[in-house]
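# Per-entry structural report
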Amino acid sequence: MIDPVRIKVPLSGGYVSCLDWPTDQPLLHFAHATGFNAETYRGLLTPLQGRFHVAAADLRGHGFTTLAAVPGPQAEWTTFASDLAEILDAIDKGPAVLAGHSMGGYIAFEIMRQAPDRVMRLALINTQARPDTSAATERRRGQMARAQAGEYHAVLDELFPGFVHPSRLGNADLRQLVHDMGDDIGPDAYIRQQTAVI
């Protein structure tokens, strides 16, 4: 297996940084969760390189991408989906397999809505096509209020058990990685992205 190369895809206002495992196979693009980045999924994606041309972008406001998290008020996923459409065009013009974790799944759904002919298959992890339940919405609102009140790391700690296997809950390095990735986007972008989910 080969390691991916990091490529830069120029978009208006900056560039998107992608991990790319180029092959002549169909494109599989993996979109990460809120606060995560492409690097998080390297171990998951590397074994797929023989079956697909795998790519994973650091979405707007995440990782090595230079585009701001929000080019103005962000109330839906259309900006992220437009970015992803441009990324797909730059990497491979044909239909792609889209995979997404959490926020990445919402973005993949938006691509399906905007351009269904661009999607060969869809793989979703911890995301949904229906609106949150009222209890989930209230939980999000509480987390957003706490993040806004300066308890952002406490919110990330609360979310941590949903990110890792129970056997890894005590892993301080993984917890620090979640904090570092959260700090990459910051509480304001976290709040905007949670608002988009609601």
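Residue numbers here run from 1 along each chain, matching the order of that chain's written sequence. Confidence filtering applies because this is a predicted model: local features only for residues at pLDDT of at least 70, side-chain atom pairs given and counted only at 80 or more, and all residues used for totals across whole chains, interfaces and linings. Values reported for side chains reflect all heavy atoms of the structure, with hydrogen atoms and water molecules removed beforehand.

### Details of the packing of aromatic side chains
What counts, and what does not: Aromatic pairs are defined between Phe, Tyr and Trp rings, using the six-membered ring for Trp, whenever the two ring centres lie within 6.5 Å; interplanar angles under 30 degrees are classed as stacked, those over 60 as edge-to-face, and all others as tilted. What counts as a helix is a DSSP run of H or I of at least four residues, what counts as a strand is a run of E of at least two, and both are numbered from the N terminus.
Applying the stated criterion across every chain yields a total of 4 aromatic pairs. Plain terms: the ring middles of Phe30 and Tyr41 are 4.5 Å apart, the flat faces sit at 45° to each other, and that makes the pair tilted. Of the two residues, Phe30 sits in strand 3 (residues 27–31) while Tyr41 sits in the loop between strand 3 and helix 1 (42–45), which places them 11 residues apart along the sequence. Seen in terms of ring centroids, Tyr152 and Tyr190 are 5.6 Å apart; in terms of plane orientation they differ by 55°. Their pairing is tilted.

### A short note on the nonpolar core
Let me state the cut-off plainly: What is meant by a nonpolar core is a set of buried Ala, Val, Leu, Ile, Met, Phe, Trp, Tyr and Cys residues, joined one to another through side-chain atoms within 4.5 Å. The buried label goes to any residue with under 20% of its type's maximum accessible area, the exposed label to any with over 50%, and the partly exposed label to all in between, with areas taken from a 1.4 Å probe on protein chains only. By definition in these notes, contact holds between two residues if any of their heavy atoms fall within 4.5 Å.
In terms of nonpolar packing, the biggest core is built from 27 residues, with Val16, Cys18, Leu59, Trp77, Ile87, Leu98 and Ile107 touching the most fellow members. For this core, the leading source of residues is helix 2 (residues 78–91), giving 6 residues. Ignoring any residue separated from it by four or fewer positions in sequence, one finds Leu98 in contact with His29, Leu88, Ala108, Ile111, Val119, Arg121, Leu122 and Ala123.

### Describing helix 3 (residues 103–114)
Applied cut-off: Multiplying one less than the number of residues by 1.5 Å gives the expected span of a helix.
Over its 12 residues, helix 3 extends 17 Å from the first C-alpha to the last, a length consistent with the 16 Å expected when each residue adds 1.5 Å. Where helix 3 is concerned, the buried positions are Met103, Gly104, Gly105, Tyr106, Ile107, Ala108, Glu110 and Ile111. Of the surrounding elements, those touching the buried residues of helix 3 are strand 3, helix 2, strand 5 (96–101), strand 6 (119–125), helix 4 (134–159) and helix 5 (172–197).

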